[in-house]
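# Observations on the three-dimensional arrangement
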Amino acid sequence: MAAITVFLYQICDALDGKQCYRWLTNKMDYSLPELVDHASDSVSTVFVTIELAICMRLGHRPDLFLTLMFSAMFMFYTAHWQTYISGVVRFGTLDVTESELALCFGFLLTAILGQQFWVQKVFGMEWRGMIVLAVALMGAIKFINHAIYIWRRGHRLTTGGTSVLSPLMGISTIFFLAVVTKATTNLFDHQPCIFLIVFALLEAKMSNKLIIAYMTKSELTQLDSILLGPIVLLANQLLGNPLSGHILLWATLVYAATDLFIYLRKAILDICDLLDQPFISRYPIKDTANGNGCSDGEAVHAVQGPSAKKR
């Protein structure tokens with residue numbers, strides 16, 4: 001079932017871009033579907049990664065569980081970090097589609113051979129350890145590839161006019177808070193999935209801020225209200241746990257999810273107001289270039305040229 005749902009998600013994720021080209025007539029209109037698309041990806045990445053970890057029984061190997069989640073978070077964040085600098089969304093030879101198909105294969109393999117397959121050793125190393133190592137290496141290679149691409153093209157500032165290293169603070173803060181919280185509390189040992197979802201939602205919020213920053217060519221703000229959750233967890237530990245850490249962890253999860261939802265809702269509605277378009281509509285959209293409404297066929301005609309209708 002997991003393989004089927006991920007495969008269907010991959011298909012829908014690819015088709016929504018084609019529908020966007022069919023429906024929109026103005027280049028500026030693409031900011032809204034781009035934000036919705038990448039915002040959905042930022043959240044789905046969290047749960048798909050945890051799904052893979054459960055599939056490989058990484059609950060018995062918390063070190064691998066943490067490494068896998070950090071690697072997935074790092075790859076997603078650095079992809080948009082690169083875009084914030086260059087202004088171009090880049091896709092490599094092995095990227096999102098290939099990763100999702102690999103996930104489908106892993107889920108199917110587990111369905112056939114069982115979870116015990118991942119604990120079997122090959123050359124003295126478990127299969128699950130090899131998979132996590134491969135994901136971590138892929139993240140490092142992609143980061144180096146992004147850095148080389150940026151350096152060779154002479155990018156020394158972001159699209160917002162700030163230092164190319166400015167987004168480093170966001171992901172570093174999240175990783176620092178996660179490591180310190182794990183080291184000083186037993187929350188990760190007892191509730192690893194909830195613990196990692198909390199910090200993955202923090203990364204999702206920072207990634208979405210990066211997306212909006214490169215779309216608007218503005219400066220990326222480093223401090224964010226969503227960071228209050230982990231800070232409260234640490235403060236509770238330093239004060240001798242006056243509140244139950246596990247209940248507080250669940251409260252932090254609700255707070256992080258709510259904060260992310262409110263942020264995205266406001267951003268999407270602001271874009272809708274700017275473009276004078278509804279978020280969801282079954283009627284022809286308004287062409288923001290000339291203020292006229294156009295049908296689906298006319299939208300294709302406007303984007304692809306006079307010969308599009310004939311084809």
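All values derive from a computational prediction rather than experimental measurement. (Residues numbered from 1 in each chain as written. Predicted model: local features only at pLDDT ≥ 70, side-chain atom pairs only at ≥ 80, totals over all residues. Heavy atoms only, no water.)

To continue, consider the side chain of N208. Its place among the elements puts N208 in helix α8 (residues 192-216). Taking relative accessible area as the criterion, N208 reaches 0% and is therefore assigned buried. Within polar-contact distance, the side chain of N208 engages the backbone oxygen of A204 at 2.6 Å. Apart from the residues within four sequence positions on either side, N208 is in contact with L35, H38, A39, S42, L260, Y263 and L264. (Helix = DSSP H or I, 4+ residues; strand = E, 2+ residues; numbered from the N terminus. Buried < 20%, exposed > 50% of the residue type's maximum accessible area, 1.4 Å probe, protein only. Polar contact = N/O pair within 3.5 Å; in protein donor to acceptor, adjacent residues only side chain to side chain. Contact = heavy atoms within 4.5 Å.)

With that settled, consider the pattern of salt bridges. What the rule picks out here adds up to 7 salt bridges. Residues R61 and E126 are paired through a salt bridge, measuring 3.3 Å at the closest nitrogen-oxygen approach. One end of the pair, R61, is in the loop between α2 (31-55) and α3 (62-86); the other, E126, is in strand β2 (residues 125-126), and 65 residues separate them in sequence. What emerges from the salt-bridge pattern is a single network uniting R61, D63, E126 and R128. (Salt bridge = Lys/Arg side-chain N within 4 Å of Asp/Glu carboxyl O.)

Here α3 crosses α8 at 5°, and the two axes come no closer than 9 Å. Between α3 and α8, the crossing angle belongs to the class labelled roughly parallel. Across the interface between the two elements, F65, L66, M69, M73, F76, Y77, H80, W81, T83 and Y84 from α3 touch P192, C193, L196, F199, A200, E203, M206, S207, L210, I211, A213 and Y214 from α8. Across the contact of α3 with α8, the residue classes break down as 18 nonpolar, 3 polar and 1 charged. (Axes fitted to C-alpha atoms, helices over the stretch in contact; angles between N-to-C directions. Parallel < 35°, antiparallel > 145°, perpendicular 65-115°, else oblique. Nonpolar A, V, L, I, M, F, W, Y, C, P; charged D, E, K, R; others polar.)

Time to look at the packing of aromatic side chains. Taken as a whole and assessed by the stated rule, the structure comprises 8 aromatic pairs. Pairing F74 with F143 gives two aromatic rings, centres 5.4 Å apart and planes at 50°, and the pair type is tilted. Taken as a pair, F74 in helix α3 and F143 in helix α5 (residues 127-152) lie far apart in primary sequence, 69 residues in all. F143 gets classed as partly exposed once you look at its relative accessible area, which sits at 33%. Where Y77 meets W81, the ring centres are 6.3 Å apart and the plane angle is 65°; that geometry is what we call edge-to-face. (Phe/Tyr/Trp six-rings, centres within 6.5 Å; stacked < 30°, edge-to-face > 60°.)

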